[in-house]
Amino acid sequence: MIQKPRGTIDILPKEAKKWQFIENAARKVCKKHGFGEIRFPTFEETQLFARGVGDTTDVVQKEMYTFIDRDGTSYSLRPEGTASVARSVIENGLASETMPLKLFYIINCFRHERPQAGRYREFYQFGAELFGAATPTADFELISLAADFLDALGITATTLHINSIGCPSCRPNYKNALVAYFSERRDELCDTCKVRLDTNPLRILDCKSPVCSEICKNAPKTIDYLCQDCSAHFDGLKARLGVSGIRYNIDPHIVRGLDYYSRTVFEFISEGIGAQSTVCGGGRYDGLVSQIGGPELAGIGFAAGINRLILSMENGSAYKEEEEFVDLYIAALGESASVKATGICAVLRSKGFTAETDMVGRSLKAQMKYANKINAKYTLIIGDGEIETGKAQIRKMENGQQTEINIEDIAAIISELSAK
Ligand code: HAM
């Protein structure tokens, strides 16, 4: 028996409705905020992620699905969407259009992580990216888009956490403080973090090893090292969140696992879904576009993990399961009846009704049982007799009430189906 790869999921029709509910909410909210949809390849050149996401991040170092193509090029399945969107913005000349540029996407992503509840190797994201606006108003716009989206889903048990991780001008001071702090405890750090201490000390802060996480608890905090501009920017965001009534906590421990961030970073944490509780994460990335070969272009965005939203919805949401039904099931007996029934179904479907007939050769009794199973509102039985006379009984399943109709008279059938 061949099974699906570890850390992947099958989404069956009943469950798929919840996914559609989330995707529809995302599209609706994006429309309201003026974000247009962007679609881009599932795989990109590996160097895009190495340069964009950062080659000292866990995502790039340990988690990418990378393969060498027949021409020798190294490609990777996308571990996230932001680097690809930035690449597409540059490649398609969107950076010279009127700003801000507002884009959203709904994608699958791939990371070779250890699977557990809420953590998969193929997972799904709804993401939004805003380019060409470096103001705190843009930060607020993105955060309020995410908040509106979570509201539309009716997921209420989430809290917003924000932090600022500074910019290239204040980062060196902070880095020095980190290096000084971690150097004193160098021997206790895991082997990867010993290397990170020399290459990218900030990444030690999102090490998942228990010893490193413990050491990180007392590490210097970015917000204590912000330059004046970064401080003012962060204050600007807090002021806007304040007047809008979006509640937040300042969490100096949020550093995010990807290298492109600067200034604002944020996460929405959901209660009651276990350890993998960040349902949405994002931040500003003013250096990303130039980092991968484009012009200087400010950017900010977020991505919400759809798998985790599905888990959160189990604790209550705005999702209501709709009753499934079929307007008409035609029980057909014999070849001529089957041909007639197929024709009636086709016409009814073209008029917007749902209609089905037998296609597995069931007995009349079994067909009626099937009609019940698919919750047919009406049934019509056609056999040799009905073909001969042209007359048949259409039955309202709710009360068993029967009406004789002419099977050639589609208008009469429709009028029955439409009767209250
Ligand atoms: P991220 O924090 O790596 O950020 O992922 C965003 C969200 O995707 C997470 O908060 C989580 O809900 C979901 N997620 C991540 N990894 C997994 C996994 N293995 N299984 C299930 N869900 C997962 C980014 O990807 C950035 N591109 C977000 C962003 C957009 N920043 C700026 N713009």
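Given the structure is predicted, the values throughout are model-derived calculations rather than measurements. (Residues numbered from 1 in each chain as written. Predicted model: local features only at pLDDT ≥ 70, side-chain atom pairs only at ≥ 80, totals over all residues. Heavy atoms only, no water.)

Novice: It is not clear to me how the overall build of the protein should be interpreted in this structure. Could you clarify?
Specialist: Tallying secondary structure elements over the protein gives 15 helices and 16 strands in all. Expected size for 420 residues packed as a compact globule is a radius of gyration near 22 Å; at 28 Å, the protein overshoots this value by more than 25%. In terms of overall dimensions, the protein has C-alpha extents of about 95 × 50 × 45 Å along its principal axes. Within the protein, the proportion of its 420 residues that are buried is 50%. Just so you have it, the protein exposes about 20600 Å², and 50% of that area is on carbon and sulfur atoms. The averaged location of the 54 negative side-chain charges in the protein is 3 Å from the averaged location of its 50 positive side-chain charges. (Helix = DSSP H or I, 4+ residues; strand = E, 2+ residues; numbered from the N terminus. Rg over C-alpha atoms; globule rule 2.2 N^0.38 Å. Buried < 20%, exposed > 50% of the residue type's maximum accessible area, 1.4 Å probe, protein only. Areas by Shrake-Rupley, 256 points an atom, 1.4 Å probe, with all protein chains shown as cover. Lys, Arg positive; Asp, Glu negative; His and termini not counted. Charge placed at Lys NZ, Arg CZ, Asp CG, Glu CD.)

Novice: Explain the site of the ligand here, please?
Specialist: Not every one of the 26 residues close to the ligand is listed here, only the nearest: Glu 80, Glu 113, Glu 129, Tyr 261 and Thr 278. At a separation of 2.8 Å, an oxygen atom of the ligand approaches a polar backbone atom of Thr 278. Relative to its unbound accessible surface of 660 Å², the ligand loses 96% to contact with the protein. Tallying contributions element by element places strand 10 (residues 278-284) first for the shell around the ligand, with six residues. Of the residues that constitute the shell around the ligand, the class distribution is 10 nonpolar, nine polar and seven charged. (Near = heavy atom within 4 Å. Polar contact = N/O pair within 3.5 Å; in protein donor to acceptor, adjacent residues only side chain to side chain. Nonpolar A, V, L, I, M, F, W, Y, C, P; charged D, E, K, R; others polar.)

Novice: Looking at this model, I keep getting lost on the domain arrangement of the protein. Mind explaining?
Specialist: Interface size is commonly expressed as the accessible area that is lost once the parts come together. Its domain assignment divides the protein into domain 1 (13-170 + 226-313) and domain 2 (326-418). Computed over C-alpha atoms only, the centres of domain 1 and domain 2 are separated by 51 Å. (Domains from an automatic or database assignment.)

Novice: Teacher, can you tell me more about the nonpolar core here?
Specialist: The nonpolar side chains of a soluble globular protein tend to be buried, and buried together. Ranked by size, the top nonpolar core spans 50 residues in total, and within it Val 53, Val 85, Val 89, Phe 131, Phe 182, Leu 189 and Leu 205 carry the most contacts. In terms of residue count, strand 5 (residues 101-110) provides more of this core than any other element does, five residues in total. Once residues lying within four places of it in the same chain are set aside, the contact partners of Phe 131 are Val 85, Ala 86, Val 89, Met 99, Pro 100, Leu 101, Leu 103, Tyr 285, Val 289, Leu 297, Ala 298 and Gly 299. Ranked by size, the runner-up nonpolar core spans 42 residues in total, among them Ala 128, Leu 153, Phe 266 and Ala 304. (Core = buried A, V, L, I, M, F, W, Y, C linked by side-chain atoms within 4.5 Å. Contact = heavy atoms within 4.5 Å.)

Novice: Mind showing me how you'd approach the sheet that holds strand 3 (residues 66-68) here?
Specialist: Sheets are built from strands that pair by backbone hydrogen bonding, the pairs being arranged parallel or antiparallel. The three strands lie next to each other as 2-4-3, forming an open sheet whose pairing is antiparallel. Taken across any chain shown, the strands that pair with only one partner, and hence form the sheet edges, are strand 2 (43-45) and strand 3. Strand-to-strand twist of the sheet, defined as the mean angle between neighbouring strand axes without regard to direction, takes the value 35°. Where strand 2 meets strand 4 (residues 74-77), three bridges bridge the pair, whose relative direction is antiparallel. Looking at the pairing, Phe 43 lines up with Leu 77 of strand 4. Here helix 2 (residues 46-54) sits on the sheet and contacts strand 2, strand 3 and strand 4; the angle it forms with strand 2, its principal contact strand, is near 80°. (Pairing = 2+ DSSP bridges. Axes fitted to C-alpha atoms, helices over the stretch in contact; angles between N-to-C directions.)

Novice: Explain the pairing of strand 15 (residues 391-396) to me, please; I cannot follow it from the model alone.
Specialist: Successive residues of a regular strand alternate their side chains across the two faces of the sheet. Because side chains alternate across strand 15, one face comprises the buried residues Ala 392, Ile 394 and Lys 396, and the other comprises Lys 391, Gln 393 and Arg 395, none of which is buried. Where strand 15 meets strand 16 (residues 402-406), five bridges bridge the pair, whose relative direction is antiparallel. Of the residues in strand 16, the one forming a bridge with Lys 391 is Asn 406. Between strand 15 and strand 16, which follow one another and run antiparallel, lie five residues, and Gly 400 among them has a positive phi close to 75°.

Novice: Sorry if this is basic, but what is going on with the sheet that holds strand 15 here?
Specialist: Sheet architecture is open: five strands sit in the order 13-12-14-15-16, paired in mixed fashion. At either end of the open sheet lies a strand with only one pairing partner, and these are strand 13 (355-357) and strand 16. Between one strand axis and the next, the sheet turns by 25° as a mean value, whatever way the strands run. Bridge analysis of strand 12 (residues 326-332) against strand 13 gives three bridges, and the strand direction is parallel. Looking at strand 13, one finds that Leu 328 is bridged to Ala 355. Sheet strands touched by helix 12 (residues 335-350): strand 12, strand 13 and strand 14 (376-382). Its angle to strand 13, the strand with the most contacts, is close to 165°. Running over the sheet, helix 13 (residues 364-373) touches strand 12, strand 13, strand 14 and strand 15 and is turned about 175° from strand 12.

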